[in-house]
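# Chains, contacts and geometry: an overview
The chain contents come next:
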Amino acid sequence: MRRENGCTKPQTGMRPRVPVPVLVGACLTLAVGTTVAEARGTWSKVSGAGPKRESAAMAYDSARGVTVLFGGVDQQGKYDSSTFEFDGVSWQKIDVPGPSGRQESAMAYDSSREVVVLFGGRRGDNRRGDTWEWNGISWSLRATGGPSPRGGHAMAYDSDRGVTVLFGGDGQPGNDTWEWDGVSWIRAAAGGVPGRVGPAMIYDAERAVTVLFGGARGMGFLGDTWLWDGAQWLPQVVEGPPARTQAGFAFDEVAGVALLYGGDDIYGEGESLRDMWQWDGAHWSEIVLSSDPGPRNEMGMVYDSQRQVTVLHSGLDEAGPPPFFFYKDTWEYDSTPVTSLVTCQNLTTAQTIQFSTTGSSWDCAAAGLKVSPGDLVQQAVRESRVD
């Protein structure tokens, strides 16, 4: 294929054989009858000047409208004990005493008490079992008991029941579920879900369940989906993303779906993942993106409910320069509905039609373009946001 004036033109004798994703502002030449699906959101790089690290903990403080980041490890292997906040424009370091430097801790925002809850993490082989809370001004040590010391666990806040849910990690037994009510930890379940490290977990407020996906078990990776309803773990027999660990996961309150990005599917080698999926409570579907933050895992990802965007920060790419490439950039994903202005032209007959749609797919012939076998159809697409 060759490019002319920003549109893809067929060379003589060539015929497209497969559907092609539509890029924003692109022109595509397709075989008649091909249905084209497009991405339903946009990743935009908003900052390149944040803390550079992997395995940091991150949560969104909805009362104060800021993303909170703690700890992690930098490219030189230094364990960090810094606290940062992102207001949608820039990152600010908050110089206050708090938890010791560590990686692979987990955080969740308790919206009823307006505090960020942090548990555990590790510094080398030294695992932590302490619970801290951040109120926007200072850190407070709340407990030293409860779940066994661990790193690589997952936490999410159940806003319907008012508890922070913790699962998994590299502590013992590794398949236990705990809940923090602001005063003490209560062991809610043991078993039901195979133990794992680095799972992705969020709370789906629309369906009142905690969603768990993937993780690593031994030297293997998992691609299973589970729901916690406050009493038991329910397996979901569905096809979905390939198995992985250390992926980004956030619940988009506007779209009503959980968004999964990236992760790792090979220990210590290969390239980190850069695909994106959404969970609607019953099914997984892949989102085809025209741009993305690049391959990475062990990043932070949260949903900013005030600005209605998903925020992704830092992480590493295992295929980067030795030992790995560490990111310090911040990206945002906007799932606000898109209006697509589609222009279809039959290159054989020169007929042209134009229409607008907010759907995720369309077909020129079904929209009214007259076509015959052997005709070539060109589509030009322009997108705009729905206010």
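Residues numbered from 1 in each chain as written. Predicted model: local features only at pLDDT ≥ 70, side-chain atom pairs only at ≥ 80, totals over all residues. Heavy atoms only, no water.

### Thoughts on the confidence of the model for the protein chain
- Per-residue confidence for the protein chain averages 87 on the pLDDT scale, and 85% of its residues sit at or above 70.
- Within the model, the stretch residues 1-39 combines pLDDT values under 50 with 95 contacts to residues more than four positions away or in other chains. (pLDDT = per-residue confidence, 0-100. Contact = heavy atoms within 4.5 Å.)

### A short note on the side chain of threonine 131
- You can see threonine 131 is positioned in strand β12 (residues 126-134).
- Residue class for threonine 131 comes out buried when judged on its relative accessible area of 0%.
- Reaching out from threonine 131, the side chain makes a polar contact with the side chain of tryptophan 185 at a distance of 2.8 Å.
- Aside from chain neighbours lying at most four places away, what touches threonine 131 is Val117, Leu118, Phe119, Ser140, Leu141, Arg142, Ala143, Trp180 and Trp185. (Helix = DSSP H or I, 4+ residues; strand = E, 2+ residues; numbered from the N terminus. Buried < 20%, exposed > 50% of the residue type's maximum accessible area, 1.4 Å probe, protein only. Polar contact = N/O pair within 3.5 Å; in protein donor to acceptor, adjacent residues only side chain to side chain.)

### Some details on the packing of aromatic side chains
- Here the structure, examined in full by the defined rule, presents 13 aromatic pairs.
- Ring geometry for tryptophan 180 versus tryptophan 185: centroids 5.5 Å apart, planes at 45°, classification tilted. With respect to burial, tryptophan 180 and tryptophan 185 carry one shared label: buried.
- Linked through ring pairs, Phe213, Phe249, Trp279 and Trp284 together constitute an aromatic cluster.
- Positioned above the aromatic ring of tyrosine 327 is the side chain of arginine 296, whose terminal nitrogen or guanidinium carbon lies 3.6 Å from the ring centre. (Phe/Tyr/Trp six-rings, centres within 6.5 Å; stacked < 30°, edge-to-face > 60°. Lys NZ or Arg CZ within 6 Å of the ring centre and 35° of its normal.)

### Topic: the pairing of strand β18 (residues 200-204)
- Across the 5 residues of β18, 5 count as buried, placing the element largely inside the fold.
- Side chains of β18 alternate between two faces, with Ala200, Ile202 and Asp204 and Met201 and Tyr203 buried alike.
- Taken together, the 5 bridges between β18 and strand β19 (residues 209-217) define a ladder with antiparallel strand orientation. Within the sheet, the bridge partner assigned to alanine 200 lies in β19 and is phenylalanine 213.
- Here β18 hands over to β19 after 4 residues, with alanine 208 in that stretch at a positive phi of 55°. (Pairing = 2+ DSSP bridges.)

### A closer look at the pattern of salt bridges
- A complete count under the given rule lists 20 salt bridges for this structure.
- Of the charged contacts, one joins arginine 53 and aspartate 80 as a salt bridge, the two residues approaching to 3.1 Å between their closest N and O atoms. Here aspartate 80 lies in the loop between β7 (66-70) and β8 (83-86) and arginine 53 lies in the loop between β5 (42-47) and β6 (57-61), a separation of 27 residues in the sequence. Taken as a pair, arginine 53 and aspartate 80 share a single burial class, namely buried.
- Note that arginine 64 and aspartate 61 form a salt bridge whose closest N and O atoms lie 3.2 Å from each other.
- One salt-bridge network, held together by shared partners, links Asp110, Arg113, Glu133 and Arg142. (Salt bridge = Lys/Arg side-chain N within 4 Å of Asp/Glu carboxyl O.)

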